[in-house]
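# A structural walkthrough
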Amino acid sequence: MPLERRAGTRKPVDQEVMVIHGLGHRLCQIHDLSLNGAMLKLGWGALTRDVPVEVAISLPSAKGKSTYRLPAQVARVSTDGTAIKFHELDSTALEAMQRYLQAEGRSV
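Treat the numbers as computed from the prediction; the structure is a model and nothing was measured.

## Focus: the overall build of the protein chain
A tally of regular secondary structure across the protein chain gives 1 helix and 7 strands. Each of the 108 residues in the protein chain was classed as buried or not, and the buried ones make up 38%. Intrachain contacts of the protein chain at a sequence separation of at least 6 include 48% that bridge at least 24 residues. In the form shown here, the protein chain has an accessible surface area of approximately 6600 Å², with 51% of it arising from carbon and sulfur atoms.

## Topic: the pairing of strand 2 (residues 16-21)
Across a regular strand the side chains alternate sides, sitting on one face of the sheet and then on the other. Residues Val17, Val19 and His21 of strand 2 are buried on one face, while the alternating residues Glu16, Met18 and Ile20, pointing to the opposite face, are not. In this sheet, strand 3 (residues 24-33) lies alongside strand 2 in antiparallel orientation, the contact comprising 6 bridges. Note that in strand 3 the partner of Val17 across the bridge is Cys28. Hairpin connection, strand 2 to strand 3: the antiparallel pair is bridged by 2 residues. Strand direction decides the pairing type here: strand 2 and strand 5 (residues 52-61), joined by 3 bridges, are antiparallel. Bridge pairing in strand 5 links Val19 to Val55.

Rules behind the numbers
Residues numbered from 1 in each chain as written. Predicted model: local features only at pLDDT ≥ 70, side-chain atom pairs only at ≥ 80, totals over all residues. Heavy atoms only, no water. Helix = DSSP H or I, 4+ residues; strand = E, 2+ residues; numbered from the N terminus. Buried < 20%, exposed > 50% of the residue type's maximum accessible area, 1.4 Å probe, protein only. Contact = heavy atoms within 4.5 Å. Areas by Shrake-Rupley, 256 points an atom, 1.4 Å probe, with all protein chains shown as cover. Pairing = 2+ DSSP bridges.

This is how it looks when you write it as structure tokens:
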């Protein structure tokens, strides 16, 4: 059985997000998500280990849904996709992410 690399619980997610990098941006699907990071269905030559990125994601908010730009860095790139690790999230984004993951957890 493979060793789990993530500190947080992963949740399968079916959502499109925007990955923003110094060389541009790309739309992609999230494979799974946690408070610590995500696995993206994305192969992009500009993304290599430790490269800084931002992920624009729609999350629940008091207004219904809001777009959050989450700072991250590439943890690894494989044939399965691109794994990213979030930097420290501000309290608003963290609360929105927790609500989203809890709601996703009930429907999976």
